[in-house]
There are 4 protein chains.
Amino acid sequence: MSQFFSIKTPVKFEGAGTANPLAFRHYDAKKTIGGKSLAEHLRFTVCYWHSFTWTGSDPFGGPTIERPWIGAGDQMALAKQKADVAFDMFTVLGAPYFSFHDRDIAPEGATLAESNKNVSVIAEIFAKKMQATGVKLLWGTANMFSHRRFMAGAATNPDPDVFAWCAAQVKHAMDVTHQLGGENYVMWGGREGYESLLNTDLKRELAQAGRFLQMAVDYKHKIGFKGPILIEPKPQEPTKHQYDYDVGNVYGFLKANGVEKDVKVNIEQNHAMLAKHSFEHEIELALALGIFGSLDINRGDNQVGWDTDQFAMNVPEMVLAFYPIVKAGGFTTGGLNFDAKIRRQSLDADDLLHGHIGSMDACARAWEIATTMAADGTLEKHVAARYAGWDKPENKQMLDGKTTLADIAARVAKNEPNPQPRSCKQEYLENLINRYM
Amino acid sequence: MSQFFSIKTPVKFEGAGTANPLAFRHYDAKKTIGGKSLAEHLRFTVCYWHSFTWTGSDPFGGPTIERPWIGAGDQMALAKQKADVAFDMFTVLGAPYFSFHDRDIAPEGATLAESNKNVSVIAEIFAKKMQATGVKLLWGTANMFSHRRFMAGAATNPDPDVFAWCAAQVKHAMDVTHQLGGENYVMWGGREGYESLLNTDLKRELAQAGRFLQMAVDYKHKIGFKGPILIEPKPQEPTKHQYDYDVGNVYGFLKANGVEKDVKVNIEQNHAMLAKHSFEHEIELALALGIFGSLDINRGDNQVGWDTDQFAMNVPEMVLAFYPIVKAGGFTTGGLNFDAKIRRQSLDADDLLHGHIGSMDACARAWEIATTMAADGTLEKHVAARYAGWDKPENKQMLDGKTTLADIAARVAKNEPNPQPRSCKQEYLENLINRYM
Amino acid sequence: MSQFFSIKTPVKFEGAGTANPLAFRHYDAKKTIGGKSLAEHLRFTVCYWHSFTWTGSDPFGGPTIERPWIGAGDQMALAKQKADVAFDMFTVLGAPYFSFHDRDIAPEGATLAESNKNVSVIAEIFAKKMQATGVKLLWGTANMFSHRRFMAGAATNPDPDVFAWCAAQVKHAMDVTHQLGGENYVMWGGREGYESLLNTDLKRELAQAGRFLQMAVDYKHKIGFKGPILIEPKPQEPTKHQYDYDVGNVYGFLKANGVEKDVKVNIEQNHAMLAKHSFEHEIELALALGIFGSLDINRGDNQVGWDTDQFAMNVPEMVLAFYPIVKAGGFTTGGLNFDAKIRRQSLDADDLLHGHIGSMDACARAWEIATTMAADGTLEKHVAARYAGWDKPENKQMLDGKTTLADIAARVAKNEPNPQPRSCKQEYLENLINRYM
Amino acid sequence: MSQFFSIKTPVKFEGAGTANPLAFRHYDAKKTIGGKSLAEHLRFTVCYWHSFTWTGSDPFGGPTIERPWIGAGDQMALAKQKADVAFDMFTVLGAPYFSFHDRDIAPEGATLAESNKNVSVIAEIFAKKMQATGVKLLWGTANMFSHRRFMAGAATNPDPDVFAWCAAQVKHAMDVTHQLGGENYVMWGGREGYESLLNTDLKRELAQAGRFLQMAVDYKHKIGFKGPILIEPKPQEPTKHQYDYDVGNVYGFLKANGVEKDVKVNIEQNHAMLAKHSFEHEIELALALGIFGSLDINRGDNQVGWDTDQFAMNVPEMVLAFYPIVKAGGFTTGGLNFDAKIRRQSLDADDLLHGHIGSMDACARAWEIATTMAADGTLEKHVAARYAGWDKPENKQMLDGKTTLADIAARVAKNEPNPQPRSCKQEYLENLINRYM
C-alpha cells in the first residue's frame, strides 16, 4: 500500500454516530435490501480522470494540486505509480468498480500505435490488480477531446484523417475495455459539436457521427462485447454546442441511425442541469424511452453556468433521482460513477477520500430512502389513482391504435363530457416524501 | 375600414429616407429576388392572439391594454368587431397571411359543440373577408391551454375525458383550417408537460401524446389536407417542463411514433433561446433532419428567463437565421409568423402597427442580406473547403456503410496519419459576414 | 370557524411517526431552544396575497383556483369573508404572524381616498381579530404594481401624479401598519425598474426613488414607528430590470441616500436565485453590511427562469440559509414570511394547509439543525482556524488604517514571504455538515 | 518588423467596398467628429493577455495555439520577443493604446523581488517602444489570480502573507504603470470571492478588500498618479461568486469604504451579461452613479454560461452601449479595451488581426451611429417628453428634500388626481433607432 493517503486500510462503516471523518456513517456495503447488498445495488465506481489526473487548473489559473505521478520524468513509470495509488484508493474506499479514458491511464505516444501500446501495457497491470483486489471495470472510453488534433471534433471533424484516427483509437479502447471485462463502453462527445455555425456543415457532421456510431455498434457485436455502448448527453462545454444535447436529442439521433437497441445513455446530473432539465427528468425520460444505462453521479452549482462536477451531497435531491431507478428494478450494467472532482483548493491527498466518502454516504442514504418510498408504495398509488380513468375500457380504447379522431369526436358529441380539473396535490406529495427523508 | 388605427390605407414602401413612422423603409412587397417577390419569399403572417386578444396582464398586474372588443357584452358581436379590425390591420400592413387559435377568434361556449359552432360562424365571416382582401391563412390551431380544464395537460391529461375533448376540438380546428385553405396545421403543447414529476406518469403521458399525434396525422390524410402538421418546440412555460423541448426532442418523438414524414416543426426564436439554443441552430438542425416547417418570428430577452415575444428588430441576428433557409430554397408551406406582442405599456392602437412595420422592415433587410450572402457564395465556399478532404474516394469510403472500424484501424496502422489542426477562421468569417450587414 | 378547510381546530404536533398529513411532524411550537420557544425563534408569518388572492392565472391560462370570496358581488362583504377565512387559517396553522398589501385585504375604490377607507375598515376588523386570536402583524405594505396606473413605475414613474399617488398610498399603508402594531414596513419595487432603456431616464428615476425612500423614513420617525423599513431585492419580473436588484445593489442605494440605518432588507430565496446568488449569500452579505431584516421563505425552480414561489421543502438547503442567522442571534423584528403559493393545479382548500404545514415542518427541522451546528461550533472553529494568521499583531496591523502599501511592500522586501496555499477542505466540510442533517 | 503576421505595414482604411480582409472598411482613424478624430473618440486598446499569452487551453483540452515566445527556454528572452511582436501588432492595427497585467509581460521569478525586477526590465523596453511608436498605456494591472498562491483570494485571502504579497505586488504594478504614463490603474478581483461559504468569513474578507482598496487609493495620491483606479465588476468565474458582482454592488462597496471619488468601474459586456444585466444597463448605472470609467469591449455567448470574451461584432447592440457614453461626452481617461480573444481553433497569426480589425470596424460604425442618434436628438426628446410633467414647479417641489409624505398626501386628498397611463412607445422607438443602424 502506497503512502499517499493518511490511512492504509479500508474505510469502515461505523454508523451515524461516529466522529471519524474517514469512516462511513451510512454506507454499509454488506447490508442487504431485497436480497442484494448495498454494494450490489449502488455499484460505486471511482473515475480515473478527476481522481488522478486533475491538477486544479481553471481558465484563469494554473495547477494547484500536486501529485507525485504528474510532472516531468519517465511517463510510463509515472503511469504505473498512478495505477498503484488508484488501486489503493479503490481498495481504501471499498469501491467495486472503476472507469477510465485511455489517456487517463497511459501517456500519449509519438504515434497512435505507440499510444495504444502504452494503454495496453497499463491495462496488463490493471488486469493483475483487478484480480488481486476484486475491483472491476464499469466502463472504459477513449479521450478524443483533449489533444489539439480533436479541437474541431472527433468523428465530426472536417478532416477525415481525424475521423480515421478516432476509429482506430475507439477500436483499441473497446478492445481493452473488453479484455478487462468492462460492463459498458462509453462515448462522450466532448468535441462533437461546434463553436460557430458559420464554418460548420451541421448535416454532414451529424452523418459522420451517425456512421461512426453504427461502426462502433457493429464492432461491439463482432468482438462479442455484451454490454451496451453508452452515450453521455451534454449540451455544451467544451464546445459552444454539442450534438448530444440531452436524453431526448440523443434518442432522436439513435433512432435516426437505427442503433437504439444497442446504445443507451449515461446521464450526469451536472449535464442535465446545464440543459435546464432536472436530473430525475433525464432519468425518467431515458427509462420511458428504453435507453437508460448508467449515471455519472455528481452535482453542479445552481448559480453558475458551467460544469462544476462536485461531489453530490444533497440527500433529498438524490432520492428524487434514484426513486425511478429503484422502481425500474435498479441498475443492470450501469452504476454510480463518481464523475466528481475535488475543488481546486482541496490540496490534501485525503480530500479525495472525503469527497468520495461523503458522497457514498449520501448516495447510500438516498438509495435506502428511495427503496423505502418504492416499497411503501404510497406515492405510486397516488399517481396511479390520478390516471385511473384510463383503466376503463372505453377510455383505454382511445389509445388502441384503431380509434380515430372522428370516432372520439362523435363520442364527445354524444356524451358531452365536461371534464372538471382535480387538485394535483403537489404540496401534499412534497410533504409526503419529506416524511421519508 | 374601422376607426381603430390612425391610418386607413395600406402602409406604403417609401424607402430608407422616409421620416414617416407608418411607412416601410425596407419592405417593398413587390420587389423581386430570383423571380419571386419579397411578399412571396417572406410570407408575413399576422397572428390573432397577440394582436387582438392580449390585454397586458402579467403575473403581477392586471390588464393595461384596452380594446373595444374585449369586455362585457355580446361576445359573438365583439368577436365580429374584432374580425373587422383584424382584417383592417392585415390590409393596412399588406400582410398576405394570418394565423389563429380557435379561441382567439370566437368565444368559449357552454359546451364544446357550442364553442365549435362559434368558431364556425366566425370562420364563415373570415372566408368572405379572405376572398375580399386576398389575405390567406398560414395556419390554424386549437387553444388547449388557457381553460382550466387543460391545466394538467391536453392530450397528456390524466383525465381521459380531457383527451377526448381535445380530440374533438382538434378535429374541428383542422376542419375549419382546411375549409379556409390553411397551408399548415399547428400544435403547440403548452400544457403537454408537467409541473412536478411526483404526480406524473411520464411514460404514459408520452404514449398518450404519441397516439394523439398519429390520429391527427391520419385525420389530415382522411380529409385531404395537404399541408404538414407543425409542432412548435418549447422547453417550458407555461409548464415547468414541456415534452416538445426543442427540435431534437421533437424529432425523437416523431421517429418514435412514425410520423416524421407528416409532421414538421414551427420554430420560434424565443423558444429556441429558452432551451439554450440559438435560433439558427434549431433551424439548421430541422433542415438537416428534414423536418423544417415554419418560423415564429420574434425575439426574447437575453437577460430574463421567460418568453417575452418581442418584435424582432436586430438585423444581423436575423440574417444568421434566414441564411440557412435561403440556402435551402426558402419557405414552402411555412412563413414568417409574427408571434410577437407589443409591450404591456404600449397602449396605443398604432403601437400594433409600429411593432409589425419595424419588424417587417428588419426581416426584409435580413432576407435580402441572407440572399446576397447565399448568392455570393463566399461563405459557403469557405465551409466546403473545410470539409474538402472528404471528397477523396478513400475518405468518402469510410462513410459508405460497409467499411468497419477494423478496416479503418488497419488503414491507420498502415498510413500512420498525423492530422494537423487548421485554423477555423471564425473571426475572419464573422468579419466577412459583417460586410453584408 | 368557517367551513373552508376540512379541519376546524389547530394543527397539532404529533411527532415524526404520525401518518396524519394535517399534523406537524417536526414543528413543536412550544419546544424551547436556548430559552426561547420555536414559535419565538421562527416567527412564522402567513401572507395574505398568495394565500387568499391567488387564482392560478398564468401568462397562458386563466384562473383555476376558485374561492367563495373572489368574484362578482359586494366586494367589501367578500373582503370580510376573506378575512374570516384568513384568521381561521392563521389559527389552524398556529402561525403567530401575518403580512399583507393594502390591496390584498380590501378592494380598490373609485378614488384613492375610497381605497384607503376600504383598507381602514378591514384594518378595524383585523384589530379585533388580532386581539381575539393573538395573531400579530409582521409587516404591511402597499401594492403599487398591480393596477395599470403603476405600469411604468410607482415612485419612479415618469408621471409625477403617480409619484404623488404613491406617496399618499404609502402614508396610509404605514399608518395602518402602525395602528395594527406591525413590526416592520415593507417596500417591494415591483415596477421600480424599466422594460426598455430606450424610453427611460435611469438617473432621474433613481433620484425619484431615493427621495421617496427618504420621505418614508422621515414619516416613520414622525409617527413613532419603531420597526425598520424593509426593501425586498429582486432582479426582474414583473419589469425586465428592477433597481433593487440584489442585496448589494440595495445597499449602494441606501448609502447613496443616507438611509442605511433605517432601512433593511427582506430577502427571498427565489429572488436571490434569479439574481444568480445563493440564498445564504444574500443573507450573509446583508448581515455583514448590517442591513439584514427578514426573510421571505420560499423556493424557486432551478430549471426555470421566473419566480415560482414554491413552498420550501429542502431541509439541507434551508440549514445553510438559517445557520448565519442563528449565529447572528436569530431574528429581531423579522421572521419567516411564507411568500409561497400553492401550485396552479392545487385546487383544494386543504392544499393551502399542506403547503404551509410541510414547509413549517421543514423550517423547524432546518432551524434545529442550524442551531445544533452553531452550538456545536465545529464548523465555526474550522473557519476561524483558516483565518488565524490574522490574529498576529503584525498582521492585524496591516488593517489598522494607518499602515500603507509602501509599509507592507517594505516588510515583504525584508521578509520575503513565500505563502503556501492550504487545502480549503470543502469536501470535508460538506461531509461534516451532512452529519447534522 | 517581425515576420509574425502576413503584413508588415499598418492596416489601411479602404472603405466599405474593399474586399481586402486586412483593411478597415469603417474605421478611419483620422476622420473627425465634433472636432475629435475617431482615434481620439474610440481610444482603442490592445490587451496583452488574450493577444499574446493565450494558448487555447480550455477545461477539457490542452493548448492549441502555438507561439514562438511561449515554451521552454530563456523566459526573459522570450518576453522580449513577445514585446517585439506586441508593438508590431499595435502598429499594424494603428491602436493608440495597450494594456497589460504584470505577469503577461514578464515571467514570474523565484521571489516577488525577482518578479518585480522582471517586470521593470520589460517596462524599460516598453518605454522605448512607446516613444518610438507613439503607442500609449491605457492601464496596467497586477495578475493576482493565476498563481496557486492566490487560489483562496488576493486581498481577501485567509493568509495574511498573501495579503502582504499582494500589497507589494500592486505597489510595484502601480509604480510601473505610473512610470509608463498609464492613464488608469485597474483591479480585477478574479479570486476576490469564494468557492464555498462553508469555509468563508465573508464579513472579514470584505473588510480586508476594503482596506486594501483604501491603501491603493492613498498610494495613488502619494505618487501623484492622476488617473482613477478602476474596478472591473464580474459576478463569478474563476470563483463561484465574486464580491465585485456588478456595477451596483461595486458602488456599494466603494461607498462603504469612502473611495467613490477615486475609484471608477471598468465595465465588460461579457461580465454584465453573466450578472444578467445588459451592457448598456451597467454603463447607464455607472454614469448615473458618477463612477463610469472605461470599457472592456467584447461579447459573450447568449447560449452559454461562462466568459467567452469574443470580439464584438454586432453593431446594433454596440450602438445601445455607446449611446449613453456619447451623450455623456465620451471617454475621459477610459477607452475601448479589447478584452477579447480569438477562438481556440483560430490558429493562424493573422486571426489576431482579423478579430481586431473586424471589431474595430464594428465599433467605429456603432460610435458613428450613436453620435448621429445623439446629435439628432429625436430619441432624447422623446424621453424628455415622457418626464415633462416633472418640470412643473409643484411637481419638482416633491423632490426638493423638504416636502414630506404627509404634504403630498394632503395634496392628493385635495386634488384627487387619477393618473392615466400613457403608451411607452417601445416598438416605435425600436423602429426609430433601426433607422440609424
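Located above this text is the structure these notes cover.
Now for a description of the structure that goes with this document.

1. Considering the interface of chain C and chain A
Step number 1: Residue-level contacts link 40 residues of chain C with 40 residues of chain A.
Step number 2: Elements that contribute at least two residues to the side of chain C that touches chain A include exactly helix H11 (315-327), helix H12 (349-376) and helix H16 (426-434) of chain C.
Step number 3: Here the side of chain C that touches chain A takes 7 residues from H12(C), the largest share from any one element.
Step number 4: Among the residues forming the side of chain C that touches chain A, the class breakdown is 14 nonpolar, 15 polar and 11 charged.

2. Quick word on the relation of the copies chain A and chain B
One copy of the chain maps onto the other through a rotation about an axis followed by a shift along the same axis.
Step number 1: When chain A is brought onto chain B, the operation consists of a screw motion whose angular component is 180 degrees and whose axial shift is 0.0 Å, with 0.0 Å RMSD remaining. Taken together, the rotation and translation describe the operation of a two-fold axis. Considering only C-alpha atoms, the part of chain A nearest the rotation axis is Gly252(A), at 1.8 Å.

3. Some remarks on the pairing of strand S3 (residues 44-47) of chain A
All names here are of chain A.
Step number 1: Of the two faces of S3, the one lined by Phe44 and Val46 and the one lined by Thr45 and Cys47 are each fully buried.
Step number 2: Two elements, S3 and strand S12 (residues 336-338), share 3 bridges in a ladder whose sense is parallel. In the sheet register, Phe44 faces S12, and the bridge partner there is Leu336.
Step number 3: As paired elements, S3 and strand S4 (residues 97-101) share 3 bridges and run parallel to each other. Bridge assignment links Val46 to a residue of S4, and that residue is Phe98.

4. Focus on helix H12 (residues 349-376) of chain A
Note that an α-helix has 3.6 residues per turn; residues three or four places apart therefore point the same way.
Residues and elements named next belong to chain A.
Step number 1: In a regular helix each residue adds 1.5 Å, so 28 residues correspond to 40 Å; H12 covers 42 Å between its end C-alpha atoms and thus fits that length.
Step number 2: With 22 of its 28 residues buried, H12 lies for the most part within the structure.
Step number 3: Immediately downstream of H12, the backbone of Gly377 shows phi near 80 degrees, a positive value.

5. Notes on the relation of the copies chain C and chain A
Step number 1: Aligned on chain A, chain C shows an RMSD of 0.0 Å; the corresponding rotation is 180 degrees and the shift along the axis is 0.0 Å.
Step number 2: A symmetric contact is evident, with 100% of the interface residues of chain C recurring at the interface of chain A.

6. Considering the packing of helix H15 (residues 405-415) of chain C against helix H6 (residues 160-179) of chain D
The description of two packed helices rests on the angle between their axes and on the distance between the axes.
Step number 1: Following both chains from N to C, one finds H15(C) and H6(D) inclined at 110 degrees, their axes separated by 8 Å at the closest point. One element, H15(C), and the other, H6(D), form an angle in the roughly perpendicular class. Considering the relative orientation of H15(C) and H6(D), their crossing is left-handed. Taken together, the residues of H6(D) that come into contact with H15(C) (itself represented by Leu405(C), Ala406(C), Ile408(C), Ala409(C), Arg411(C), Val412(C) and Ala413(C)) are Ala164(D), Trp165(D), Ala167(D), Ala168(D), Val170(D) and Lys171(D).
Step number 2: In terms of residue class, the contact of H15(C) with H6(D) is made up of 11 nonpolar, no polar and 2 charged.

7. Section: the interface of chain A and chain B
Step number 1: Counting residues at the interface gives 80 residues for chain A and 80 residues for chain B.
Step number 2: Where the side of chain A that touches chain B is concerned, the elements lending two or more residues are helix H5 (112-133), helix H6 (160-179), helix H7 (202-223), helix H8 (247-257), helix H10 (279-289), helix H13 (378-386), helix H15 (405-415) and helix H16 (426-434) of chain A.
Step number 3: Top contributing element to the side of chain A that touches chain B by residue count: H7(A), with 11 residues.
Step number 4: Taken together, the residues of the side of chain A that touches chain B sort by class into 46 nonpolar, 14 polar and 20 charged.

8. Comments concerning the nonpolar core
Step number 1: Residues Ala167(A) and Ala167(B) are the most contacted members of the largest nonpolar core, which totals 265 residues.
Step number 2: Contacts of Ala167(B), omitting those with residues within four sequence positions, involve Leu405(A), Ile408(A), Ala409(A), Phe212(B) and Met215(B).

9. A word on the sheet that holds strand S3 (residues 44-47) of chain D
Residues and elements named next belong to chain D.
Step number 1: The strand order S3-S4-S5-S6-S8-S10-S11-S12 describes a closed barrel built from 8 strands, whose pairing is parallel. In this sheet, adjacent strand axes meet at a mean angle of 30 degrees when their direction is disregarded.
Step number 2: Packing of H6 onto the sheet brings it into contact with strand S5 (136-141) and strand S6 (184-187), and relative to S5 it is tilted by some 175 degrees.

10. A few points about the environment of Asp104(D)
Residues and elements named next belong to chain D.
Step number 1: You can see Asp104 is positioned in helix H4 (residues 102-105).
Step number 2: Sequence separation between Asp104 and Arg343 is 239 residues; the distance between their C-alpha atoms is 19 Å.
Step number 3: Beyond its immediate stretch of four places on either side in the chain, Asp104 contacts Tyr48, Trp49, Phe52, Thr53 and Asn143.

11. A look at the sheet that holds strand S6 (residues 184-187) of chain C
All names here are of chain C.
Step number 1: Overall, parallel pairing links the 8 strands, which are arranged S3-S4-S5-S6-S8-S10-S11-S12 in a closed barrel. Recorded for the sheet is a direction-independent mean angle of 30 degrees between the axes of neighbouring strands.
Step number 2: Of the pairings in the sheet, the one linking strand S10 (residues 263-268) to strand S11 (residues 292-296) comprises 4 bridges and is parallel in character. Within S11, the position partnered with Val265 by the bridge is Phe292.

Calculation notes
- Residues numbered from 1 in each chain as written.
- Chains lettered and ligands numbered in written order.
- Predicted model: local features only at pLDDT ≥ 70, side-chain atom pairs only at ≥ 80, totals over all residues.
- Contact = placed C-beta atoms within 7 Å.
- Helix = DSSP H or I, 4+ residues; strand = E, 2+ residues; numbered from the N terminus.
- Nonpolar A, V, L, I, M, F, W, Y, C, P; charged D, E, K, R; others polar.
- Least-squares fit on C-alpha atoms with pLDDT ≥ 70 in both.
- Buried ≥ 20, exposed ≤ 12 C-beta atoms within 10 Å, placed from the backbone.
- Pairing = 2+ DSSP bridges.
- Expected span 1.5 Å × (residues − 1).
- Axes fitted to C-alpha atoms, helices over the stretch in contact; angles between N-to-C directions.
- Parallel < 35°, antiparallel > 145°, perpendicular 65-115°, else oblique.
- Left-handed = near helix turned anticlockwise from the far one by under 90°.
- Core = buried A, V, L, I, M, F, W, Y, C linked by C-beta atoms within 7 Å.

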